Amino acid sequence: MRDNLKVFSGSAHPDLARAVCKHLDIPLGASHTVRFTNENLKVRIDENVRGHDVFVIQPSCPPVSDHLVELLIMLDALRSASASRITAVTPYYPYVRSDKKDEPRISITARLVADLLETAGANRVIAIDLHSPQVQGFLRVPSDHLTARSILVEHFRKRSDLDRWVVVAPDAGEVKDAAGFAKRLGVPIAIVDKRRFGDDEDARAVHLVGEVRGKHALIVDDEIATGGTVIESAEFVMREGASDVSVAVVHPVLSGNAMERIRSSPIRELVVTDTIPLPAEKQDPKITVLSVARLIAEAIARTHDGRSVSELFE
Ligand code: R5P
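So, about the overall build of the protein. Looking only at helices and strands, the protein features nine helices and 14 strands. Over its C-alpha trace the protein gives a radius of gyration of 20 Å, about what one expects of a compact globule, namely 20 Å for 314 residues. Summarising its shape, the C-alpha atoms of the protein cover approximately 60 × 45 × 35 Å along the three principal directions. Within the span of the protein, comprising 314 residues, buried residues form 52% of the whole. A sequence separation of at least 24 residues applies to 63% of the contacts in the protein between residues at least 6 apart. Summed over its atoms, the accessible surface of the protein is roughly 14,400 Å², and 49% of this surface lies on carbon and sulfur atoms. Treating the 40 positive side-chain charges of the protein as one cloud and the 45 negative ones as another, the clouds have centres 2 Å apart.

The topology assignment puts Asp163 in the loop between helix H5 (149-157) and strand S8 (165-169). Residue classification places Asp163 among the exposed residues on the basis of a relative accessible area of 67%. Considering only alpha carbons, one finds Asp163 and Lys215, 52 residues apart in sequence, at a separation of 8.9 Å.

What follows concerns the pattern of salt bridges. A full pass over the atoms with the stated rule returns 25 salt bridges. Across the pair Arg140 and Glu118 runs a salt bridge whose closest N-O atoms are separated by 3.3 Å. A residue pair is termed long-range when its members are at least 10 positions apart, and Arg140 in the loop between helix H4 (134-138) and strand S7 (143-146) and Glu118 in helix H3 (residues 109-120) qualify at 22 residues. Assessed through its relative accessible area of 28%, Glu118 is described here as partly exposed. One salt bridge in this structure joins Asp171 and Lys194, with 3.1 Å as the shortest N-O distance. Taken together, the residues Asp171 in the loop between S8 and helix H6 (175-185) and Lys194 in strand S9 (residues 189-196) connect sequence positions 23 residues apart. One salt-bridge network, in which partners are shared between bridges, spans Arg111, Asp115, Glu118 and Arg140.

A few words on the pairing of strand S1 (residues 5-9). Judged by how many residues are buried, S1 sits mostly within the fold: five of five residues are covered. Of the two faces of S1, the one holding Leu5, Val7 and Ser9 and the one holding Lys6 and Phe8 are both buried throughout.

Thresholds, definitions, all that
Residues numbered from 1 in each chain as written. Predicted model: local features only at pLDDT ≥ 70, side-chain atom pairs only at ≥ 80, totals over all residues. Heavy atoms only, no water. Helix = DSSP H or I, 4+ residues; strand = E, 2+ residues; numbered from the N terminus. Rg over C-alpha atoms; globule rule 2.2 N^0.38 Å. Buried < 20%, exposed > 50% of the residue type's maximum accessible area, 1.4 Å probe, protein only. Contact = heavy atoms within 4.5 Å. Areas by Shrake-Rupley, 256 points an atom, 1.4 Å probe, with all protein chains shown as cover. Lys, Arg positive; Asp, Glu negative; His and termini not counted. Charge placed at Lys NZ, Arg CZ, Asp CG, Glu CD. Salt bridge = Lys/Arg side-chain N within 4 Å of Asp/Glu carboxyl O.

Pasting the structure below:
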């Protein structure tokens, strides 16, 4: 049944692709990327893919633009090699935060990426926890928007003292997802009213809706980049009387000096997933990494077999 299924990886996160293949019980497809002295990339697919159902796993992570171009070249190479269907699997979607025209004369780059994926040869796209749902609408090819939040919920459900926990949304944009998280854990929710005063950092908490006094606050978010949002919220809920702070996010972008800031923050633990690889310098005893490999493998198997993917989340 899985005879014509193949999974390939770009250079972004081969460990995740290997783990997905392990769940699917198939070998990782052979390919290699060469970087010429003039910085041009060449991808060669090292095995036959003619008539195959092919999936390419490549999240966005540094160097972001190189990994995007490598993905586009892989899709094009697979199309030229006569794969029958090609799915781009982007566990962390490239340029996902560039999803609206909120300044004059800027590009909605997440939409441009959607066009590029299609132009390069993607017949389908699988993504995980997009920063905003409208990004899925940028894709004109069929797509599946998976969520890894259940993996985070299951992790925290095992805590024995959940009666003293409260889920905290660190900004208004996170309220809906945080409410779902809280409902599934059976705990109350609180909301931090956050304002961002610059492009990069300076997210400031200004009000709190709900009660955190004496509680273990669990801040949830889709991603952690500079750490500004969750650190500001953590310090704010501690000032409001929380006894402890944990953080759960899907995508550990951890840009700039985010790790140093987290180490010296009141955050007791940071639970993330492996949609993005965590290089050695970002690893820390405060961080727990949960794998999305099984989730991706299940979505690939269902797509390949023509079974429902949404049933995964029912
Ligand atoms: C914002 O809308 C997002 O949900 C995250 O809160 C944000 O992307 C995190 O960025 P940073 O860690 O730089 O505050």
